[in-house]
Amino acid sequence: MATAVVETGERETYLNREYGIKSWLLTVDHKRIALLYLASITLFFFIGGFFALLIRLELLTPAGDLVQADTYNKLFTMHGQVMVFFFLIPAVPAVLGNFLIPLMIGAKDLAFPRINLLSWYLYIIGGILMLYTILAGGVDTGWTFYTPLSTEFLNSHVITAGLAVFVAGFSSILTGLNFVVTTHRMRAPGMTWSRLPLFVWAHYATSIIQLLGTPVLAITLVLVVCERLFHLGIFNPSLGGDPLLFQHLFWFYSHPAVYIMILPGMGIISEIVCCFSRKRIFGYQAMAMALLGIAVVGFLVWAHHMFVAGISVYAAIIFSLLSYFVAVPSAIKVFNWTATMYKGSITYQTPMLYAFGFVGLFTIGGLTGLFLASLGVDIHVTDTYFVVAHFHYIMVGGMVMAYLAGMHFWWPKISGRMYPEGWGRLAALIVFLGFNLTFFPQFILGYMGMPRRYWDYSRAPEFQILNVLSTAGATILAVGYLLPMVYFLWSMRYGKPAPDNPWNAAGLEWTAPSPPTTFNFDQQPVVSWEAYNYDEIKQEVPVAQ
Amino acid sequence: MLQNMPFWPARASTSANNVDALFIFLVVVSALMTALIFTMVIYFAVRYRKQAGRQAEQIEGSHALEITWSVIPFCVFMVFFAWGAYVYFRERTPPPNSAEVYTVAKQWMWKFEHIEGQREINELHVPVGRDVKMIMTSQDVIHSFFVPAFRVKQDVLPGRYTVAWFHPTKAGTYHLFCAEYCGTSHSGMIGSVVVMEPKDYEAWLTGGGNQPLAVTGERLFSELGCGTCHRTDTQGRGPNLVGVFGKPVLLEDGRTLTADENYIRESITDPSTKVVRGFKPVMPTFQGQISDEQLNALVAYVKSLGQAQSTQTGGKSMAAVTPETK
């Protein structure tokens, strides 16, 4: 899809300025790089989704009958690794962030356009290593690489999988670096920090986590590879190492990584709720500070993944307490989005439907996170399907919903075409229903005691009914994800040409043409208004066609 | 009431009641919060939908409101925290007179050894009404001991002991799962916990004819020549081990620690790490030379030394029925 060029009459845009494969592979235009990312993360999303579908089909019956045990273990491992490291983490920042941050702050490009292209190449090298791992026979460590299982007891492709994540990590670090510098240095005259759209604040907070957290994961994976290759005793107790050390290091990154995935989504939702309520965000300052608060406190809660791992009772109590601190800014965000709608003038276009879905599902995901932070309950539900349901509510119900919301909201800007609104609404509804049918039964399964990562549950057939519901939901969800794929592609050729500002939305990106020119703005914009100045934009959202 | 509810796990221990009470409280409070937010979102979406002649009313925000909806949830969260920590603390503190079961997990089975010497694989028999403490280690990777009906879960690590305990309240057969992914047959590393009435349990126990774990340990202790240095007087090259278990130990580097199962285990596998004050690090390591089962027997023996009542069993047995169960 990356090479499909949209005809928009005679006007020159970033899409039709140059043609040919070279003009894409050597581009330093942040918008073209965003499209390169879009194509690549979409590929990985469908690979990871395919694995998920096989997992759900295996669990339709209690016996392990569709695939072998080792195959199943590889499926959930690669589903996790592909989705986390090659879809969820890069998706919003590298596609929408990349495309929109310069447009939103009135810049021509990111601060380091060539490093931006390098990030994509690193991502692709990591992605090729991951694809090689998959094709060569796969890896079955679980996405968490827990030691000493990963370093001594498995014969699968642990090293290439580790390297894949290691290399992709550098792509993430460089994207974060680029965003931090761009936000500091490239803002248009008048675009003060307090006028930044929350989307930019969200990416700024995310970038800080990427910069500070990702190196720790990289080092940890190097240590895993060293122990596996050279038998250095780091994590394996029979070599003098400590397996809990691995878990501390791994979660020191991988818990904040949850916020890498969800904060950009929160930024998207803020833009959309304001636009379709025709209102300034309720409590701009609190919303921006809550993003930073989550990013900072998010670094202090990692051991809540380890309450039954063998850490001391007192450490567990401290980490439980800190986990509740991080819940407060999340609660503020939910309440403030809700308050933004109060006395608004609300319309229900596709992006807004996804935003409604996000607020609801993120609320459920967040509240069930409080169950897991509550030590007494965590003992019972950790490592069960309750955890699986919880983090899918955050990552799929939250992050993927937000990503789809954003794709629909900015698709007219990106492609210069309108997607079909009716199909959009239908897909949003299907995704919402399919999602809940897939994952809500898993909360109950978890409390009943079904452990994660079980290929066969024939000794506990009482788990089957809920698993059947979950698998049924997954097939509905798959349809909901394929639909936008189809109509976005369709709209690139047949969609109605998009006006510059189809939603009458606030924000500098909507003052640029759709699609924008290579350098975004004909003249350097000067900002003299606050973010979300919907009081000055009197026009409503045009009625959907 | 919950016992026969569909989709609710069996409740067969005291902690099951504690965890369920907390869980139900969390469900109710969360359902109220969810209902509040859903109602507001839906109400606003309908009430303030776009209408001819009405414009959105701009509101900057309100610190008072923001403080309200930070402080109230925070207070509710602190209740979640405190209640959760209380339940956890109790689940992590085995009562002093618990019966002890030594557990060795490996890919992909559970091996249990009762203090009386009964050995079981993937099946664990325990009596109703007795506190049971699981002293667990792994021979290879990390596993996790999970009995949903007891609401008990504890990871089992190689190279050290971790501990879980429970107090069964209802006879029956319950699932035992491995809850930490451990390789190919992770989902096959399952078994059952059979909770029996005390009388049936006594009958089961006498069926074996095994020797108590501490006796096995005593034999090993002499076979390995431990007694040459660890003499029962003060003249040995190693510390006298009589009565040492559970007591504070002053180390060469000035630290003091309690001689628990993990310390005794570590002193056998890695004796030079924490040397007792006044002694030289002359003991050879037994790492890799004795199995985890043999280590368990030695630990049980050391624990039995100096315990007047249970010298023969090396720990509290389940047969020693406590007054409350009679």
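In the block above lies the structure referred to throughout.
Computed from a predicted model, the values in this text were never measured in an experiment. What you see as residue numbers is a count from 1 along each chain, following the sequence as written. Chains and ligands are labelled by the order in which they are written, letters from A for the one and numbers from 1 for the other. Note on the predicted model: pLDDT of at least 70 is required for a residue's local features to be given, and 80 or more for side-chain atom pairs to be given and counted; whole-chain, interface and lining totals, by contrast, use all residues. With hydrogens and water set aside, each side-chain value is computed from the structure's full complement of heavy atoms.

A.B. asks: I'd like a rundown of the sheet that holds strand β6 (residues 143-147) of chain B, residues and numbers included.
C.D. replies: All names here are of chain B. For two strands to be treated as a pair, DSSP must find at least two bridges joining them. Working definition: helices are DSSP H or I runs of at least four residues, strands are E runs of at least two. Numbering for both runs from the N terminus. Here we have 5 strands laid out as an open sheet, ordered β4-β10-β9-β6-β7, and mixed in their pairing. The sheet terminates laterally at β4 (123-127) and β7 (152-156), the two strands that pair on one side only. Strand-to-strand twist in this sheet, taken as the mean axis angle between neighbours without regard to direction, amounts to 20°. Contact definition: two residues touch when any of their heavy atoms are within 4.5 Å. To define axes, lines are fitted to C-alpha atoms, for helices over the stretch in contact only, and angles between the resulting N-to-C directions are given on a 0 to 180 degree scale. Seen against the sheet, helix α3 (residues 198-206) touches β4 and β10 (191-196) and runs at an angle of roughly 130° to β4.

A.B. asks: Break down unusual backbone geometry for me, with residues and values.
C.D. replies: All names here are of chain A. Of the consecutive residues S514 and P515, the connecting peptide bond is found in the cis state with omega at -10°. Here P515 lies in the segment after α15 (464-494). Non-glycine residue F145 carries a positive phi angle of around 55°. Structurally, F145 is set in the loop between α4 (113-135) and α5 (149-153).

A.B. asks: Got a sec to walk through a nonpolar patch on the surface? Specific residues and values, please.
C.D. replies: To count toward a patch, a residue needs a relative accessible area above 30% and no salt bridge. Like charges then connect within 9 Å, nonpolar side chains (Val, Leu, Ile, Met, Phe, Trp, Tyr) within 5 Å. Each accessible area is a Shrake-Rupley result for a 1.4 Å probe, and residues are judged covered by the shown protein chains and nothing else. Here, a salt bridge means any side-chain nitrogen of Lys or Arg that lies within 4 Å of a carboxyl oxygen of Asp or Glu. Taken together, L437, I465, L469 and I476 of chain A together with F7 of chain B make up a surface patch of nonpolar side chains, about 390 Å² in accessible area. The element best represented in the nonpolar patch is α15 of chain A, accounting for 3 residues. Turning to its location among the elements, I476 of chain A is positioned in helix α15. Throughout, exposure labels follow a simple rule: accessible area from a 1.4 Å probe, protein chains only, divided by the maximum for the residue type, with under 20% read as buried, over 50% as exposed, and the rest as partly exposed. Given the relative accessible area of 34%, I476 of chain A is considered partly exposed.

A.B. asks: Lay out helix α13 (residues 385-415) of chain A with the relevant residues and their values.
C.D. replies: All names here are of chain A. At F409, α13 is deflected by roughly 45°, the largest bend along its length, and proline P412 occurs up to four residues later in sequence. Within α13, 30 of the 31 residues are buried, which leaves it mostly tucked inside the rest of the structure. Throughout this description, a polar contact denotes any pair of N or O atoms lying within 3.5 Å of each other; where both atoms belong to protein, one of them has to be capable of donating a hydrogen while the other can accept it, and for residues adjacent in sequence the pair is counted only when both atoms sit in side chains. Two or three places before F386, at the opening of α13, T384 has a side-chain oxygen 3.1 Å from that residue's backbone nitrogen. Backbone geometry just after α13 places G416 at a positive phi near 80°. Fitting axes to the seven residues ending at a residue and to the seven starting there, one defines the bend at that residue as the angle between these axes.

A.B. asks: So what's going on with the sheet that holds strand β5 (residues 132-138) of chain B? Which residues, and what values?
C.D. replies: Residue and element names in this part refer to chain B. Taken in spatial order, the 5 strands line up as β3-β2-β1-β5-β8 in an open sheet, and their pairing is mixed. The open sheet has two edge strands with one neighbour each: β3 (119-121) and β8 (162-166). Going from strand to strand, the sheet's axes swing by 25° on average, the running direction of each strand aside.

A.B. asks: Describe the pairing of strand β1 (residues 99-106) of chain B, with residues and values.
C.D. replies: All names here are of chain B. Burial analysis of β1 places 7 of its 8 residues in the buried class, which makes it a mostly covered element. By the bridge criterion, 7 bridges tie β1 to β5 in an arrangement that is parallel. For T103, the partnering residue across the bridge sits in β5 and is M136. Where β1 lies against strand β2 (residues 109-114), 6 bridges are found, and the strand directions are antiparallel. Considered in β2, the bridge of Y102 is made with E113. The loop that links β1 with its antiparallel partner β2 comprises 2 residues.

A.B. asks: Tell me what's going on with the interface of chain A and chain B, and back it up with residues and numbers.
C.D. replies: Each partner contributes to the interface: chain A provides 97 residues, whereas chain B provides 82 residues. Buried area: the accessible area, evaluated with a 1.4 Å probe, that two parts lose upon being put together, summed over both parts. Sorting the residues of chain A by area buried against chain B places F335, I379 and Y447 of chain A first, and these three jointly supply 10% of that buried surface. Between chain A and chain B we count 3 salt bridges in total. A salt bridge links K343 of chain A to E57 of chain B; the nearest nitrogen and oxygen atoms lie 3.7 Å apart. The interface formed by chain A and chain B holds 32 residue pairs in polar contact (both at pLDDT 80 or more) in total. With 17 residues, helix α10 (residues 313-341) of chain A is the single largest residue contributor to the side of chain A that touches chain B. In this classification, the charged set is Asp, Glu, Lys and Arg, the nonpolar set is Ala, Val, Leu, Ile, Met, Phe, Trp, Tyr, Cys and Pro, and all remaining amino acids, among them Gly, are polar. A breakdown of the residues in the side of chain A that touches chain B according to their chemical character gives 57 nonpolar, 23 polar and 17 charged.

A.B. asks: Provide a residue-level description of the side chain of S150 of chain A, including the pertinent values.
C.D. replies: All names here are of chain A. Along the chain, S150 falls in helix α5. Look at S150 and you get buried, because its relative accessible area is 0%. A polar contact of 2.9 Å, which involves the side chain of S150, links it to the backbone oxygen of F145.

A.B. asks: How would you sum up the packing of aromatic side chains? Please name residues and give values.
C.D. replies: For any pair of aromatic rings, geometry is given as the distance between the ring centres together with the angle between the planes. Stacked, tilted and edge-to-face are the three classes applied to pairs of Phe, Tyr and Trp rings, where Trp contributes its six-membered ring and a pair requires centres within 6.5 Å; stacked means planes under 30 degrees apart, edge-to-face means over 60, and tilted covers the rest. All told, the structure shown has 78 aromatic pairs over all chains when counted by the stated rule. Summarising the aromatic geometry, the rings of F45 of chain A and F46 of chain A are spaced 5.3 Å apart at their centres and angled 85° between planes, so their arrangement reads as edge-to-face. On the numbers, 5.0 Å between centres and 70° between planes, the contact of W120 of chain A with Y121 of chain A is edge-to-face. Classification of Y121 of chain A by relative accessible area gives partly exposed; the value is 31%. Aromatic ring contacts, followed pair by pair, group F199, F276, F409, W410, W411, Y419, Y487, F488, W503 and W510 of chain A into a single cluster. Ring-over charges, as used throughout, are those where CZ of Arg or NZ of Lys falls within 6 Å of the ring centre and within 35 degrees of the ring normal. A cation over an aromatic ring shows up here: K153 of chain B above the ring of F146 of chain B, its NZ or CZ 4.0 Å from the ring centre.

A.B. asks: Please provide a residue-by-residue account of the nonpolar core, values included.
C.D. replies: Counting residues in each nonpolar core, the largest one holds 261 residues, and the members touching the most others are F87, L96, F358, Y403, W410 and W503 of chain A together with F145 of chain B. Examining the composition of this core, we find that 24 residues originate from one element, helix α3 (residues 69-105) of chain A, more than from any other. In these notes, a set of buried Ala, Val, Leu, Ile, Met, Phe, Trp, Tyr and Cys residues joined through side-chain atoms within 4.5 Å is what counts as a nonpolar core. Counting residues in hydrophobic clusters, the runner-up holds 21 residues, among them Y102, Y161, F221 and C226 of chain B.

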